[in-house]
Amino acid sequence: MHIVRYRRDHRSPARAGVLREGRVVPVEGAETVAALLRLPLGQARDLCEGASGTGTALEEVVLLPPVDGRTEVWAAGVTYQNSRLARMEESLNEADVYERVYHADRPELFFKALPWKVVGDGEPIAVREDSAINVPEPEAALVLTGAGEVFGLTVCDDVSSRSLEAENPLYLPQAKIYDGACAVGPAIRPAWEIADLGALTVELSITRDGDRVWHGSASTAQLNRTFEELAGYLFRDNTFADGAVLSTGTCLVPDLPFTLEPGDLVEIGLAEVGTLRNTVVRGAGDHARALERVRSGATS
């Protein structure tokens with residue numbers, strides 16, 4: 001089972017559904033993903049497992065990013081060894097900051113996006129016009145209820161400007177938060193259906209002009225912190241009435257000086273969850289136009 005956010009066509013309202021065997025069935029009693037995350041985990045599970053009916057064939061619906069309402073997207077940084085090394089390598093002045101964070105009791109957590117800023121599977125991501133080096137960051141993302149319980153997992157691309165973050169750690173918000181910098185999807189896999197959240201393969205492939213220019217794989221087993229620890233820190237003195245999505249850090253970072261280019265296809269696979277696919281554009285203007293074309297159903 002996967003939990004999806006979908007609409008029948010590009011004009012109909014969005015709602016939450018359950019995807020089973022190629023068909024999407026609406027969740028009765030919770031029309032949005034945010035409504036599900038407002039519930040206690042057991043009650044949300046009952047609604048999802050109780051969804052019934054013939055539903056609609058997957059190819060006849062439009063899948064949307066599985067984030068809505070007031071659900072916030074946050075992210076964790078420097079949670080994998082190779083991420084720590086990459087941040088230290090790129091940093092011009094403050095490499096020891098990343099070393100200290102990696103070993104500290106408190107993780108690095110930062111705000112990433114609101115639902116209306118999130119793009120989904122098949123939609124464009126963007127790189128900044130004022131940044132020379134930009135990369136995808138493939139991550140397993142926790143979907144958390146308002147009480148901080150792990151509802152499920154999804155895929156997140158924490159698109160980042162390496163050149164801005166390298167210049168000064170205080171530029172992190174500009175390196176991480178801008179139009180087209182956050183992709184989530186294509187669906188949520190319920191946590192109760194995954195035997196071991198801490199042993200899932202993550203894959204990243206980048207294709208340019210039909211050729212694969214970068215590929216790598218890793219595992220959530222390499223995470224330096226537990227999912228429960230990261231979620232616990234996020235909810236300290238913080239409330240999320242509609243739940244939260246917490247991207248748990250990247251385990252795959254292309255070597256310098258690799259950078260994304262417009263037209264690149266980025267594919268992020270997370271075992272038992274799915275594959276998130278996005279094409280790259282440059283700048284907010286091109287992103288707005290490309291996103292409008294996709295969401296309006298235009299083909300050119």
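For the structure, see preceding data.
Starting from 1, residues in each chain are numbered consecutively following that chain's sequence as written. This being a predicted model, a pLDDT of at least 70 is required before a residue's local features are given, and a value of 80 or more before pairs of side-chain atoms are given or counted; all residues contribute to the totals for chains, interfaces and linings. Think of the side-chain values as coming from all heavy atoms in the structure, minus any hydrogens and water.

Caption draft 1: Quick look at the nonpolar core. In this structure, Leu-142, Leu-144 and Leu-234 are the most contacted members of the largest nonpolar core, which totals 45 residues. Working rule for contacts: check all heavy atoms of both residues, and any pair within 4.5 Å makes them a contact. Sequence-distant contacts of Leu-142, defined by excluding residues within four places in its chain, comprise Val-150, Gly-152, Leu-153, Phe-227, Ala-231, Ala-244, Val-245, Leu-246 and Thr-248. Buried Ala, Val, Leu, Ile, Met, Phe, Trp, Tyr and Cys residues that are joined via side-chain atoms within 4.5 Å together make up what is termed a nonpolar core. Each residue is assigned to one of three classes by its accessible area relative to the maximum for its type, calculated with a 1.4 Å probe on protein chains only: buried under 20%, partly exposed between the two thresholds, exposed over 50%. Counting 27 residues, the second-largest nonpolar core is a separate cluster that includes Val-18, Ala-30, Leu-39 and Val-118.

Caption draft 2: Representation of the side chain of His-2. Structurally, His-2 can be placed in strand 1 (residues 2-7). Here His-2 is in contact with Gly-17, Val-18, Leu-19, Ala-187, Ile-188, Arg-189, Pro-190, Glu-272 and Val-273, once residues within four sequence places are set aside. The helix count covers DSSP runs of H or I at least four residues long, the strand count covers runs of E at least two residues long, and both are numbered beginning at the N terminus.

Caption draft 3: View of the pairing of strand 3 (residues 23-26). When DSSP finds two or more bridges between two strands, those strands count as paired. Alignment of strand 2 (residues 15-20) against strand 3, held across 4 bridges, turns out to be antiparallel. In the sheet register, Val-18 faces strand 3, and the bridge partner there is Val-25. A loop of 2 residues connects strand 2 with strand 3, the two strands running antiparallel in sequence, and Glu-21 in this loop sits at a positive phi of about 50°. Sheet topology note: the strand 3/strand 4 (residues 56-57) ladder contains 2 bridges and is antiparallel.

Caption draft 4: Spatial organisation of the sheet that holds strand 17 (residues 265-270). One open sheet holds the 5 strands; their spatial order is 8-18-17-14-15, and the pairing between them is mixed. With partners counted over all chains shown, the strands left at the sheet margins are strand 8 (125-127) and strand 15 (211-219), one partner each. Averaged over all adjacent pairs, the angle separating strand axes in this sheet is 20°, with direction ignored. An axis is simply a line fitted to the C-alpha atoms; with a helix, the fit covers only the stretch in contact. Between two such axes, the angle follows the N-to-C directions and lies from 0 to 180 degrees. The strands touched by helix 8 (residues 283-295) are strand 8 and strand 18 (274-282); relative to strand 18, the strand with the most contacts, the crossing angle is about 125°.

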